[in-house]
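So the chains spell out like this:
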Amino acid sequence: MSPQPPQQIGLPWPELNDGLTYKDVVSSSDSELTTVSDFYYTKYKSSAPLLGFYSSSLLLDSSSTFSFFNIFFSSFRWIQRIQNGQIQVDGEVVKDPNTLLRSGSKLVYHRLPWKEPDTPHLLDILYQDDDLIALNKPSGLQVLPGGLFQQRTVLTQLQWCFGESHPVPVHRLGRGTSGILLCAKTKLAKTKLSAYFAEGTSLVGSGNMGQECGTVRKISKIYRALASGIVEEDEVVIKQPIGVVRYPGVAKGLYVASSEGKPSFSKVIVLERDRQRDCTLVKVEIQSGRPHQIRIHLAFIGHPLVGDPLYVAGGQPKGVDPDLVDAASTPSFAEDGGYRRPNQAVPGDCGYHLHAHEVEIPNLLNTRKVLKVVAPLPPILQTSYLVEEKGLPSCKLS
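Sequence order as written defines the numbering, with residues in each chain counted from 1. A pLDDT threshold of at least 70 governs which residues receive local features in this predicted model, and a stricter bar of 80 or more applies before side-chain atom pairs are shown or counted, although totals over entire chains, interfaces and linings include all residues. Derived side-chain values reflect all non-hydrogen atoms in the structure, with water molecules and hydrogen atoms excluded from consideration.

Trainee: Just checking my understanding: could you explain the nonpolar core for this structure?
Mentor: For soluble globular proteins, nonpolar side chains are generally found buried alongside one another. Leu135, Leu182, Leu193, Tyr223 and Ile361 are the most contacted members of the largest nonpolar core, which has 48 residues in total. Counting residues per element, this core draws most heavily on strand β9 (residues 178-184), at five residues. Note on contacts: a residue pair is in contact if any heavy atoms of the two residues lie within 4.5 Å. With sequence-adjacent residues up to four places away left out, leucine 135 is seen in contact with Ile9, Leu123, Asp124, Ile125, Leu126, Val154, Leu158, Gly179, Ile180, Leu181 and Cys183. In this structure, Phe39, Tyr41, Tyr44 and Tyr109 belong to the second largest nonpolar core, which totals 14 residues. By convention a nonpolar core is built from buried Ala, Val, Leu, Ile, Met, Phe, Trp, Tyr and Cys residues, the set being connected through side-chain atoms within 4.5 Å. For every residue, the accessible area (1.4 Å probe, protein chains only) is compared with the maximum for its type, and the residue is labelled buried under 20%, exposed over 50%, or partly exposed between those bounds. Think of it this way: any DSSP run of H or I at least four residues long counts as a helix, any run of E at least two long counts as a strand, and we number them from the N terminus.

Dropping the structure here:
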């Protein structure tokens, strides 16, 4: 009998991450009488900080004053980094900010390590074979590096636990979302599984899909969610397009409900209504796979997820002062190594209740093998009769 795979993976996070390394090559247009400080300030304005007092008080001042201090402190911070020995030019540490660069010079910037926010590190294994592994991702753990989280991610745990030939995630799952995350162990599995997830999205975009969600897909994804308010219809089909708008603290823009966005399809089925607590337990099957689709779609119909810090009714973010968007859209840092927490809510913030509950692949990697993976539900997303049957404590919603 072959040995059973481990039921859980995960190593504790070190106090500090490893920092980051940025590599550049000076082009002929950049090198003309350009100093190392001018090069970095010009190319990476968003990597310099708006420190403490200045970042909070100057936002209330005139835009011209803000721009002046932004330029001054951004330039000053790069000079600090250079004098601190964090910049190499052609393999040599350079501490003089006025060092002239030449075309073809190779530059390396070493950002200092920093302490990332507290994050879960254990992942349950739901299924594993030679081609893929299905993990039960806890809420609060980011899948891939980005923003505040450069080390404390699922990908890092896979690298630590499996070594060089580690599995890789083949789809997205929001940081605050728990549940099934499929990871490929081979290049073939990665190609095919990624195609499965992309197929439904392309079908929605082309309009070539069946009336019932999941009838033409090579993969079926079912989520469980807790929506605010009472959803009166037993079943709701949502086809609201999802697009991107500029938003403070999100460099590539925020996904929102938008008539000019890309086609999206979700089918919502009511499982239980709690009129006393004014919330509805729902099952959601998605045909497309737009970022934050379920959060946006439920908010769009007037039922944002309970505890969602970002999306409100209409599928839009909570109020943002448009006069501060340009000023706040540049990420800032508390220290040289670390990101400073944006003032506005961002997509990675947790607090909502959304769980990737079931994934089914009818023809796994063309083997005619039917794979169905189920991630156990957290108590708050179980129907009341199931909670009572298991003798679990009732969940109080705040």
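Trainee: Explain the sheet that holds strand β5 (residues 106-111) here, please?
Mentor: Either a parallel or an antiparallel arrangement is found when strands of a sheet pair, and the pairing is made through backbone hydrogen bonds. Pairing in this open sheet of four strands is antiparallel, and the strands run β2-β5-β3-β4 from one edge to the other. Edge positions in the sheet fall to β2 (20-25) and β4 (92-93), since each of these pairs with one other strand and no more. The pairing of strand β3 (residues 87-89) with β4 spans two bridges and is classified as antiparallel. For glutamine 88, the partnering residue across the bridge sits in β4 and is valine 93. Note on method: axes are straight lines fitted to C-alpha atoms, helices fitted across the in-contact stretch only, with angles between N-to-C directions ranging 0 to 180 degrees. Those strands touched by helix α1 (residues 36-43) are β2, β3 and β5, and its axis lies near 65 degrees from that of β5. Strand pairing is defined by DSSP finding a minimum of two bridges between the two strands.

Trainee: What is the right way to read the environment of proline 117 from this model?
Mentor: Topologically, proline 117 is positioned in the loop between β5 and β6 (123-128). Spatially, the C-alpha atom of proline 117 lies 8.5 Å from that of arginine 152, the residues being 35 residues apart in sequence. Apart from residues lying up to four places away in sequence, proline 117 is in contact with Leu148, Phe149 and Arg152.

Trainee: I'm lost on helix α4 (residues 154-162) in this one. Help?
Mentor: Think of an α-helix as turning once every 3.6 residues; residues three or four places apart then point the same way. All of the buried residues along α4 are Val154, Leu155, Thr156, Gln157 and Leu158. In this structure, the buried residues of α4 make contact with β1 (8-9), β6, β7 (132-137), β8 (168-169) and β9. At the C-terminal side of α4, glycine 163 shows a positive phi close to 80 degrees.

Trainee: Even after reading the chapter, I still don't get the pairing of β5, so can you show me in this structure?
Mentor: A regular strand carries its side chains on alternate faces of the sheet. Judged from the six bridges that link them, β2 and β5 form a sheet pairing that is antiparallel. Across the sheet, residue threonine 21 finds its bridge partner in β5, namely histidine 110. Strand direction decides the pairing type here: β3 and β5, joined by three bridges, are antiparallel. The residue bridging glutamine 88 from the neighbouring strand is valine 108, located in β5.

Trainee: For this particular structure, what's the right way to read the environment of isoleucine 294?
Mentor: Along the chain, isoleucine 294 turns up in helix α6 (residues 293-300). Spatially, the C-alpha atom of isoleucine 294 lies 8.8 Å from that of leucine 305, the residues being 11 residues apart in sequence. Contact partners of isoleucine 294, with chain neighbours within four places excluded, come to Tyr223, Val284, Ile286 and Leu354.

Trainee: Help me understand the side chain of glutamate 116, please; the structure alone is not making it clear to me.
Mentor: As for its position among the elements, glutamate 116 is in the loop between β5 and β6. Just so you know, the count uses Lys and Arg for positive and Asp and Glu for negative, and it drops His and the chain ends. A side-chain nitrogen of Lys or Arg and a carboxyl oxygen of Asp or Glu constitute a salt bridge if their distance falls within 4 Å. With no salt bridge to any partner, buried glutamate 116 finds its closest opposite charge in arginine 152, at an N-O distance of 4.6 Å. Polar contacts, as counted here, are pairs of nitrogen or oxygen atoms within 3.5 Å of one another; within protein the pair requires one atom able to donate a hydrogen and one able to accept it, and residues that are adjacent in sequence qualify only if both atoms are side-chain atoms. Of the polar contacts made by the side chain of glutamate 116, one reaches the backbone nitrogen of glutamine 151; its length is 2.7 Å. Among the polar contacts made by the side chain of glutamate 116, one reaches the main-chain amide nitrogen of arginine 152 at a distance of 2.9 Å.

Trainee: Would you mind going over the pattern of salt bridges with me for this structure?
Mentor: In this structure the tally under the stated criterion is eight salt bridges. Among the ionic pairs, arginine 102 bridges to aspartate 90, the shortest N-O distance being 3.2 Å. In this pair, arginine 102 is assigned in the loop between β4 and β5 and aspartate 90 in the loop between β3 and β4, connecting sequence segments 12 residues apart. Among the residues examined, arginine 102 registers a relative accessible area of 53% and is labelled exposed. Classification of aspartate 90 by relative accessible area gives partly exposed; the value is 36%. Residue arginine 277 pairs with aspartate 274 through a salt bridge whose shortest N-O separation is 3.9 Å. Given a relative accessible area of 40%, arginine 277 falls into the partly exposed group. Using a relative accessible area of 24% as the deciding quantity, one classes aspartate 274 as partly exposed.

Geometric descriptors of this kind do not, in isolation, establish any biological role.
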